[in-house]
Structure formats: C-alpha cells, structure tokens
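Listed below are the residues making up each chain.
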Amino acid sequence: MRERLFSLISKYNLKASSDLGQNFLVVPDIIERNVERAGLNKDDTVLEVGPGLGVLTDALSKRAGKVYAIEKDPRLVEILRKEYDWPNVEIIEGDALRVEFPEFNKIVSNLPYQISSPITFRFLRYEFERAVLIYQLEFAQRMVAEPGDKNYSRLSLMVRAKAYAELVERIGRGAFWPRPKVDSAVVVLEPKPKDERIELNEDLVRALFQHRRSTVLAALKKSHHMLGLDKDEFKRARDVLSTMPHAKKRVFQLTPMEVKDIEEFLVAEKILG
Ligand code: SAM
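Summary of the structure given here. These figures come from a predicted structure and were not determined experimentally.

So, about the overall build of the protein. The helix and strand tally for the protein stands at 11 helices and nine strands. Expressed along its principal axes, the backbone C-alpha trace of the protein runs to roughly 70 × 35 × 30 Å. Residues counted as buried form 52% of the 273 residues belonging to the protein. Long-range pairs, those at least 24 residues apart, make up 63% of the contacts in the protein between residues at least 6 apart in sequence. Accessible surface for the protein amounts to roughly 13400 Å². Of this, 47% is attributable to carbon and sulfur atoms. Across the protein, the centroid of the 45 positively charged side chains sits 6 Å from that of the 42 negatively charged ones.

This is the structure we're talking about:
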C-alpha cells in the first residue's frame, strides 16, 4: 500500500497541496482499524470525503457494497480514475461542502483539516449510522469535551446535542506524508436516536460561546447585538433575564439541554424570535 502510494506520487510527480490539507496516510494498520471500526458489510454505502490517492478508498471498496468518494482536487480525480478499476466506487469531483450528497449510511474519512468544522456540521444534518473520522488532535479533543472541561466549546455542545462522539485513537504525525505539523486522532461519531437529539438556536449558541468563561447573563450582555438587541433593549430586558434558568452558570459548563432551557425562556419572553 505504501509502495503503491509512493509510486503514484513519483509517477505523477505530485506535489501535495497544503491548502487542500493533503496529508496522505501511509500506515496500513490505521486504515485497517478504521475500516474495522466502521463495521462494514456489503449492505453498507459509505461516503468518503477526500479520497486523495485512494488508499482508504481501496480498503473501503473491499468491504462495503458501495463507496462514494468526493474529491476536490482534479489532479487526484484524474489519477484515481486512471489507476483504479473499482467496480463499486463512484468518484465525485467537487467540494464536499457544496456538492449534493448521495444516499449513504456510513462515513469513513481522513478529513482535510481546513474543513473539519463545516463538514462535521454538514454530516450532522444527515441521517447515518456511524462515522469514523480522522481530525487534527485538538479538534477531536474539542469534539468530545464534556461540559466543564477546559476545551468545552460551541463545537462540543453542538456535537453533543446530536451525537455520541468518542476519541478512539491518537495518531502521530509520522503516519502521514507529507508529515503534518500537528498530531491527529480518530473520532467515532454516532447520531443519537431522534427523540434524544436537541435542535438548538445557532445564533444563541454563538452569542453565548463568544464569552465561554462568563456567566450566561454576562455573556448575553456582551453579545446582545448577536441576539438583535441594542444596548437599551438589553437594559430593559435585564431584570427579566436575571430570572432566566442557569443565568449564573458559566457558559462552558452548559449542557445542550440547559441551553435549550435558556432558548425556551428567551422565546417565551419574546427576546428571541
Ligand atoms: N484519504 C486520503 C488518505 O487518507 O491518504 C487523503 C486524505 S487528505 C488528509 C484530504 C483529502 O481531501 C485530499 O485528497 C484533498 O485534496 C481533499 N479535499 C480537500 N478539501 C476538500 C473538499 N472541500 N472537498 C473534497 N475533498 C477535499
């Protein structure tokens, strides 16, 4: 696998693009473990974002019924189409943040780190069973952080509102070519059952987490413009807001359900639309 990767790189004189997060996996065991974690069989349709030179795609094609691989770099799309003859893989050329997703039930990807946040939020808008994803280590740690943790963030809260996320393996930078400046980690993501998912007002979450160490009341005061309130309107609402649930709690300690309580209070008081 490693030999094949490097022979393709030299055959096509490929310069990896750092703008596109091109760090190719060169350790077969990691690929194997991730394919294992996805628990694939021939009934599965897998979505892969960023197949690169096809090392993970190749392993996926052997286990899944169908693989859709979305690749933005036309150079790589051309190489993949020339060099592989997978009967069950469809390469989609385009930006994974924009192209229409085909139907799928699993996701396995070594993601380009530049799009970690928007692609994760996009995945969470779809119904799927499991995703096995490689992220930059710090991002992965934020994804799985718990309320009160030092790195609990807007991302942690939004992921927690919709899915179970577990960091299952750290990966050193030597597992990639070219070697990135940061370590990575594998996260397994499973959407929660529909009746346990919490839909949150994203403007409110943004307004709160802009000041994650403040109390809820202080954070909303500082971010009042993000809720569409001017200073005077906020002053008039202050008495009411001080009776809001969790008003004295620090933002980084809030669970998704507590943010929902705040949202419902603000809607009932006609402060939020
Ligand atoms: N899967 C390969 C591997 O593990 O060796 C490559 C992974 S590399 C970290 C990320 C891949 O995503 C690159 O092939 C890059 O060209 C592609 N990519 C970057 N931005 C993308 C986007 N917005 N949509 C689709 N693919 C993208």
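Picking up after the structure, the text goes on.
Together, K221, K231, K235 and R238 make up a region of like positive charge exposed at the surface. A per-element tally of the positive patch places helix α10 (residues 231–241) first, with three residues. Checked against the element boundaries, K221 lands in helix α9 (residues 216–222).

With that settled, consider the pattern of salt bridges. One pass over the structure, following the stated rule, counts 19 salt bridges. Residue K11 pairs with E83 through a salt bridge whose shortest N-O separation is 2.7 Å. Of the two residues, K11 is situated in helix α1 (residues 2–11) and E83 in helix α4 (residues 74–83); the sequence distance between them amounts to 72 residues. Judged by its relative accessible area of 56%, K11 is exposed. Accessibility expressed as a relative area gives 18% for E83, which makes it buried.

Attention shifts here to the packing of aromatic side chains. Using the criterion set out here, one finds 10 aromatic pairs in the structure. Look at F24 and W177: their rings are 6.5 Å apart centre to centre, the planes differ by 15°, and that puts the pair in the stacked class. One end of the pair, F24, is in strand β1 (residues 24–25); the other, W177, is in strand β8 (residues 176–177), and 153 residues separate them in sequence. When its relative accessible area of 29% is taken as the criterion, W177 is described as partly exposed. Arranged with centres 4.0 Å apart and planes meeting at 15°, the rings of Y84 and W86 form a pair that is stacked. The buried category is assigned to W86, whose relative accessible area is 15%. By the ring-pair criterion, three or more aromatic residues cluster together here, those being F101, F104, F123, Y126 and F128. Over the aromatic face of Y164 sits the side chain of K192, whose NZ or CZ is 5.3 Å from the ring centroid.

Considering the arrangement of structural elements, one finds D44 in the loop between α2 (28–37) and β2 (45–49). Here the side chain of D44 touches N41 through a polar contact of 2.8 Å, landing on its backbone nitrogen. Among residues more than four places away in sequence, those in contact with D44 are G39, A64, G65, K66, N105, K106 and E129.

Take the site of the ligand next. Close to the ligand lie 23 residues; Q22, G50, E71, A96 and N110 are nearest. Interatomic distance of 3.5 Å between a side-chain N/O atom of E48 and a nitrogen atom of the ligand. With respect to the ligand, the side chain of E71 contributes an N or O atom lying 2.6 Å from an oxygen atom. Starting from 600 Å² of accessible surface for the ligand in isolation, the protein chains cover 98%. Comparing atom positions with the cavity grids shows the ligand to sit within the largest pocket. For the shell around the ligand, the class distribution of residues is 11 nonpolar, seven polar and five charged.

Empty space among the atoms becomes visible once a probe the size of a water molecule is rolled across them. Overall, the coordinates contain one cavity of 30 Å³ or more when judged by the stated rule. By residue class, the composition of the lining of the largest cavity is four nonpolar, no polar and two charged.

The rules behind each value
- For every chain, the first residue of the written sequence is number 1, and numbering continues from 1 onward in sequence order.
- Local features in this predicted model are restricted to residues whose pLDDT is 70 or higher, and side-chain atom pairs enter the listing and the counts only when it is 80 or higher, whereas totals over whole chains, interfaces and linings include all residues.
- Excluded from the side-chain calculations are hydrogens and water; all other atoms, namely the structure's heavy atoms, are used.
- Under the DSSP-based scheme used, a helix requires at least four consecutive residues in state H or I and a strand at least two consecutive residues in state E, with every element numbered from the N terminus.
- When a residue's accessible area, from a 1.4 Å probe over protein chains only, is under 20% of the maximum for its type it is buried; when over 50% it is exposed; and in between it is partly exposed.
- Working rule for contacts: check all heavy atoms of both residues, and any pair within 4.5 Å makes them a contact.
- Calculation of accessible area relied on Shrake-Rupley with a 1.4 Å probe; when residues are assessed, cover is drawn exclusively from the protein chains displayed.
- The charge count includes Lys and Arg as positive and Asp and Glu as negative, but it does not include His or the ends of the chains.
- For charged residues, the charge sits on one atom: NZ in Lys, CZ in Arg, CG in Asp, CD in Glu.
- Each patch is built from residues lacking any salt bridge and having more than 30% relative accessible area; the joining distance is 9 Å for like charges and 5 Å for nonpolar side chains (Val, Leu, Ile, Met, Phe, Trp, Tyr).
- Only one rule defines a salt bridge in this text: a Lys or Arg side-chain nitrogen within 4 Å of an Asp or Glu carboxyl oxygen.
- Ring geometry is summarised as follows: Phe, Tyr and Trp rings, the Trp one being its six-membered ring, pair when their centres sit within 6.5 Å, and such pairs are stacked at plane angles under 30 degrees, edge-to-face over 60 and tilted between the two.
- Only Lys NZ and Arg CZ are tested; either one counts as a charge over a ring when it is within 6 Å of the ring centre and within 35 degrees of the ring normal.
- Throughout this description, a polar contact denotes any pair of N or O atoms lying within 3.5 Å of each other; where both atoms belong to protein, one of them has to be capable of donating a hydrogen while the other can accept it, and for residues adjacent in sequence the pair is counted only when both atoms sit in side chains.
- One heavy atom within 4 Å of a molecule or strand makes the whole residue count as near it.
- Computed over the protein atoms alone on a 1 Å grid, cavities are sets of points where a 1.4 Å probe fits but cannot get out and pockets are open sets with protein on both sides within 12 Å along at least five of seven lines; a residue lines them when it has an atom within 4 Å of a point.
- By definition, a pocket or cavity contains a molecule when more than half of the molecule's atoms lie within 2 Å of the pocket's grid points.
- Note on residue classes: Ala, Val, Leu, Ile, Met, Phe, Trp, Tyr, Cys and Pro are nonpolar, Asp, Glu, Lys and Arg are charged, and everything else, Gly too, is polar.
- Grid points are joined across faces, edges and corners, and a volume is the space filled by probe spheres set on the points.

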